[in-house]
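As a plain string of letters, each chain reads:
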Amino acid sequence: MTHNFLKRTRMRVKFLLATCLVIGIFMSYTLYQGIDFHTKTAMQQVEESSRLLLDNTYSAMRFPMSIGDSKTVEEQLKGIGEHNTGVDVYITNSERKIIYASKEGYRHNTMDNYLKEDGSREALENALLSGTEPTRPLVDHMRGESSMVIIKPILNEPSCHHCHTDFRPVLGAIVAKQSLKGLFASINAARNRLILCSVLTLFGLVVFIYLLFVRLVSRRIGALKLLSSKVAAGDVTVDVHDDHEDSIGKLTNNFNTMIKSIRDRIEYANSLKLAISDPFFTVDTGMRVTFINEAAVRLLGLPADGVLGKLCQDVFQSDACDGGCPVKHALATGKATVGKRMTLRDRENREIPVMSSASVLRDSAGNILGGYEIIRDLTVEVAAEQKLQSAYRREEEAKEALETRVRELSAILERAAHGDFTTRGQTTDANSAMDVMTRRINATLDGMVALISQMKEYSVAVSSGVWNISRENDHLAERTQQQAAAMEEISTTLAQLVTNIRENLTSIRQVDSLSKDAVKVAEDGRNLVEKTAQAMGVMSEKSLKIAEMMGLINEITFQTNLLSVNAAVEAARAGEQGRGFAVVAEEVRNLAKRSSSSAKDIDALVREITSSANTAHQWVDKVNEYFTKIVQTSSQVSLALEEIKFSSEESAAGMAQMNKGVLELCDVNEKNTGFAEEIAVEMKNLGDTAEKLKGTTEMFILDSAGTGVAQPARGGGRLAAIPLDLGEGPAPRPQLQGLPQRLLAGVDAEGGEHDKYDNGFKEF
Amino acid sequence: MDTVLYVVFTLNGQFYGIEAAQTLEVLGFRPITPLPDQGSGVKGVISLRGAILPVFDLRTQFGLPAGEYSQFHVIIVVEVAGKRVGLIADEITDVVRILPEEMQEVESLPPGLPPNLIAGLGCKDDKLIVLLGIDGILDTGKS
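Residues numbered from 1 in each chain as written. Chains lettered and ligands numbered in written order. Predicted model: local features only at pLDDT ≥ 70, side-chain atom pairs only at ≥ 80, totals over all residues. Heavy atoms only, no water.

## Focus: the nonpolar core
Grouped together as the largest cluster of nonpolar side chains are 35 residues, with contacts concentrated most on B:Phe9, B:Ile92, B:Leu132 and B:Ile137. Elements with a contribution of two residues or more to this core: helix H12 (433-574) of chain A together with strand S1 (4-11), strand S2 (14-19), strand S6 (74-80), strand S7 (83-89), strand S8 (91-98), strand S11 (127-132) and helix H2 (134-142) of chain B. With six residues, H12(A) is the single largest residue contributor to this core. Excluding residues that lie within four positions of it along the chain, B:Ile137 makes contacts with B:Ile18, B:Leu58, B:Gln61, B:Leu87, B:Leu117 and B:Leu132. With 26 residues, the next largest nonpolar core counts A:Phe281, A:Ile292, A:Leu299 and A:Leu302 among its residues. (Core = buried A, V, L, I, M, F, W, Y, C linked by side-chain atoms within 4.5 Å. Buried < 20%, exposed > 50% of the residue type's maximum accessible area, 1.4 Å probe, protein only. Helix = DSSP H or I, 4+ residues; strand = E, 2+ residues; numbered from the N terminus. Contact = heavy atoms within 4.5 Å.)

## Details of the pattern of salt bridges
Residue and element names in this part refer to chain A. In total, this model carries 26 salt bridges over all chains according to the counting rule given. Among the ionic pairs, Arg51 bridges to Glu133, the shortest N-O distance being 3.0 Å. Taken together, the residues span a long stretch of sequence, with Arg51 in helix H2 (residues 11-66) and Glu133 in the loop between helix H4 (118-130) and strand S3 (138-142) at a distance of 82 residues. A salt bridge links Glu75 to Lys78; the nearest nitrogen and oxygen atoms lie 3.7 Å apart. With a gap of three residues between them, Glu75 and Lys78 both fall in helix H3 (residues 70-83), about one helical turn apart. Taken together, the shared-partner salt bridges in this structure form one network comprising Glu47, Arg51, Asp55, Glu133 and Lys152. (Salt bridge = Lys/Arg side-chain N within 4 Å of Asp/Glu carboxyl O.)

## Some words on the confidence of the model for chain A
Of the residues in chain A, 92% reach a pLDDT of 70 or more, and the chain-wide mean stands at 80. Note on residues 705-764 of chain A: pLDDT is under 50 here. Beyond four places in sequence and across chains, it has 98 contacts. (pLDDT = per-residue confidence, 0-100.)

## Side note on the interface of chain A and chain B
The interface of chain A with chain B comprises 14 residues on the first partner and 19 residues on the second. Interface area, chain A with chain B, both sides summed: about 1,300 Å², of which 62% is carbon and sulfur. Where chain A meets chain B, there are two salt bridges. Of the charged contacts, one joins A:Arg589 and B:Asp94 as a salt bridge, the two residues approaching to 2.9 Å between their closest N and O atoms. Applying the counting criterion to the chain A and chain B interface returns six residue pairs in polar contact (both at pLDDT 80 or more). Per-element accounting of the side of chain A that touches chain B gives the leading share, 12 residues, to H12(A). Among the residues making up the side of chain A that touches chain B, the classes are represented as six nonpolar, three polar and five charged. (Buried area = accessible area lost by both parts, 1.4 Å probe. Polar contact = N/O pair within 3.5 Å; in protein donor to acceptor, adjacent residues only side chain to side chain. Nonpolar A, V, L, I, M, F, W, Y, C, P; charged D, E, K, R; others polar.)

## What to know about the sheet that holds S1(B)
Reading across the sheet, the six strands line up as S8-S1-S2-S11-S10-S9 (chain B) and stay open at both edges, with mixed pairing between neighbours. Here the strands that pair on one side only, and so sit at the sheet edges, are S8 and strand S9 (103-104) of chain B. Across three bridges, S2(B) lies against S11(B) in parallel orientation. Paired with B:Tyr16 across the strands is B:Val130, a residue of S11(B). In the packing of H12(A) onto the sheet, contacts are made with S1 and S8 of chain B, and the angle to S8(B) comes to roughly 35°. (Pairing = 2+ DSSP bridges. Axes fitted to C-alpha atoms, helices over the stretch in contact; angles between N-to-C directions.)

## As for H12(A)
Taking 1.5 Å as the rise per residue, H12(A) with 142 residues should run 212 Å; its terminal C-alpha atoms sit only 165 Å apart, a clear shortfall. After H12(A) finishes, the residue A:Gly575 shows a positive phi value of roughly 75°. (Expected span 1.5 Å × (residues − 1).)

## Let's talk about the sheet that holds strand S8 (residues 337-345) of chain A
All names here are of chain A. Reading across the sheet, the five strands line up as S7-S6-S10-S9-S8 and stay open at both edges, with antiparallel pairing between neighbours. Pairing within the sheet leaves two strands with one partner each, and these edge strands are strand S7 (289-292) and S8. On average, adjacent strands in this sheet sit at an angle of 30° to one another, irrespective of strand direction. Judged from the five bridges that link them, strand S6 (residues 280-284) and strand S10 (residues 368-377) form a sheet pairing that is antiparallel. The residue of S10 that forms the bridge with Asp284 is Gly370.

## Let's talk about the environment of A:Asn504
Relative to the assigned elements, A:Asn504 resides in helix H12. You can call A:Asn504 partly exposed: its relative accessible area is 45%.

## Re a negative patch on the surface
Residue and element names in this part refer to chain A. On the surface, a cluster of negative charge is contributed by Glu395, Glu396, Glu397, Glu400 and Glu403. Within the secondary structure layout, Glu395 lies in helix H11 (residues 379-417). The exposed category is assigned to Glu395, whose relative accessible area is 55%. (Patch = residues over 30% accessible without salt bridge, like charges linked within 9 Å, V, L, I, M, F, W, Y side chains within 5 Å. Areas by Shrake-Rupley, 256 points an atom, 1.4 Å probe, with all protein chains shown as cover. Lys, Arg positive; Asp, Glu negative; His and termini not counted. Charge placed at Lys NZ, Arg CZ, Asp CG, Glu CD.)

## Thoughts on helix H7 (residues 247-275) of chain A
Residue and element names in this part refer to chain A. Given a rise of 1.5 Å per residue, 29 residues ought to cover 42 Å, and the 41 Å separating the end C-alpha atoms of H7 matches this to within 8%. Taken as a whole, H7 has its buried residues at Ile248, Gly249, Thr252, Phe255, Asn256 and Ile259. Buried residues belonging to H7 abut helix H6 (181-232).

## Things to note about the packing of aromatic side chains
Note on aromatic pairs: each is described by the distance of the centres and the angle between the planes. As enumerated under the stated definition, the model contains nine aromatic pairs over all chains in all. Between B:Phe29 and B:Tyr69 the ring centres are 4.9 Å apart and the planes differ by 25°, which places this aromatic pair in the stacked class. Of this pair, B:Phe29 sits in the loop between strand S3 (23-28) and strand S4 (42-48) while B:Tyr69 is found in the loop between helix H1 (58-61) and S6, placing the two residues 40 residues apart along the sequence. Of the residues examined, B:Phe29 reaches a relative accessible area of 26% and is grouped as partly exposed. Following the ring pairs from residue to residue traces out a cluster consisting of A:Phe280, A:Phe291 and A:Tyr372. One cation-aromatic arrangement involves A:Lys152 over A:Tyr58; the distance from NZ or CZ to the ring centre is 5.7 Å. (Phe/Tyr/Trp six-rings, centres within 6.5 Å; stacked < 30°, edge-to-face > 60°. Lys NZ or Arg CZ within 6 Å of the ring centre and 35° of its normal.)

## Brief notes about the packing of H6(A) against H7(A)
Residue and element names in this part refer to chain A. At their nearest, the axes of H6 and H7 sit 11 Å apart, and the two run at 10° to each other. In terms of their interaxial angle, H6 and H7 are classed as roughly parallel. Contact with H6, carried on its side by Leu216, Val217, Arg220, Ile221, Leu224, Leu227, Ser228 and Val231, involves Ile248, Gly249, Leu251, Thr252, Phe255 and Ile259 of H7 and no other residues of that element. Per-class residue counts for the contact of H6 with H7 are 10 nonpolar, three polar and one charged. (Parallel < 35°, antiparallel > 145°, perpendicular 65-115°, else oblique.)

Below, the structure is given as structure tokens:
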């Protein structure tokens, strides 16, 4: 009950109630404590004043009582009664009988008449028996009036013994009875004020706290609640701002962050949704369209809006709507369907072949919210498939046609293999590869026909060529004979050459003897020169002797001079006496000088002669040398002539060799004749073979018009050149005739001549 | 100054003259006996008619290049400070009389030449003759 109440009531009410409760309890407690304290304090004060009064009364009575002055006691009590309103003082004896009282009427009554409460009576009795004061103040209610009772026992003191003796410890008691009527009245007044104040304070506090709560908490949470309600309703565009740093502020910020995160996720999901390029839509569990993308709208040609919320079946009109819908299947089983083929109908009722995949949409708890379907337009693929099939059919037809034509062609080729070239393949206007091939085969067959025709022609040409070669071979034999004649001429020329060489040898001999004469003359000259040289040597020797003699003359001259000098010196030393002698000495000296100069002249002449003789001697030697060289040269000339002679002889031998060579050539010529005969035989064989070839080519059936032989017009232009070449080939060569006989004769004749030349060489 | 008679000889192609009055004799070349020489410049000694006289080569004395001796070399015998000595010359040329006008002044020669060696320069028949003072001849070799 309480729990339900708490759950249902509003926040601020709950908070208000809780605040009231707490503050009420607190205030009540405080109030109670205050009143209690106030009451106790008041009671205590009353008690204390009563005791004080009692003590004062007792001390005031002691003396009059000790002297037995009852009157004073009475008066005093009366005075107390008059001065203290509300207070009654009683003095009892040990039997609780009132002896004195502050009011006149109370005397001689028992105390029990004034003490209604049992507690008070017991306390009095106890005090009278034991002499102890009651520990706590006593409250007595009498006739609807409360009063405080204070009891003080009057002990039997020594001053009392004279009247009361000492066998009783307690003589009586003094009792004060203070009325509490005023006190309670004041206490009640104070309590009432306090309660009023408390209630007022409570109210103010509650109002203040409530307002504060509303301002700080309730209103903000309310705003938050409102926003969250919006979010819960699906509006995530809300934005709340709270700049407080407290928990609610943080809560608000977190809420903001949360909303932003949710927005991001929604945006992410939307992006994913929008990024699907294939047609795509979602439905709820009731198969109503909740989303459809541009591609789907385009595919079906739907209006851009007005689709959402419609039944899926109405929108798509698929053949699968009545059964086998992938979305329904997915919603029923919770499993995805992939690659389901079906047909949709667009707005203009055209069929569209598609392939679709579907699955369910779930919330975070795994509950199915709806489903979605991705559609793939297969129009192009289906068209392509159809094209492919038709292409395949065409291919098959073409293949059959091809096979037919290949069979035809192979038949034609087979006939051709058997030599029948009359049939040709048929071509169409399509100009296909087969046509090209057929044309090529036709061309090949034509080419073969042409070739065979040419072969036929050529075999005729070969026959004629072979005949021509045979004829030319005969010509060759004639030419070989002519060659032999030419060789004879060569032999004659060689003989002439030998004669010339012999004349040369004669001339060389004459030159040789002349050269020998020259050597002899040169040797004579050399002998003469040698004699001259000897004469010159003698002259040189004589000149040397003259030179020796000149030395002697010089010495004599020297001595003479010395003598003349000494004479002059002596004459000078002799002074005047030597004057005559000095003259003589001078004469002698002059003489010596002259002979000295003559000697010098002679010496110069002799030296000149000697040098001339030496020069002459040298020349003679040179002349001698030249003569020697002349002799040597002449000898060398002789030797050279000898060598020339030998060379000439060797030339003659060379001529003989040449002659022999010419003979060998003659032999070769003879062999050539043999070869020509062999060639003639081979040519005959070749001619036979050519005839056979011609026969073979005849068997080919070329066309209805005629045989290859009957078609000279096609290859005639080219073939004409062949026999012409063969015929004209030998034309530039020299005409030789009568070869073998002349050749042999020439060889014999030359052999004779050769011997003759040999003999001729031996003469040298 | 009177005309003086000089004996003229050659050394290395150059003409030198010694007063005839101071010349004792001119000898033909003859073998010289060498002496151990200690820097006096003496070439050796010869015997002349029993007397021994020291011989000096004038080429050595005048610091000229030494040459081979031939039979045409001469030894001029002179008296120096009372002693007879022989002087070897290349060739004796002549005995000439030199006139005062043919004499050249000695003062024109540069200073520092040995004293008493050159008495003067005579010019005869275009030939320049060095006239030697006999007392100074041997000083040159010693110095």
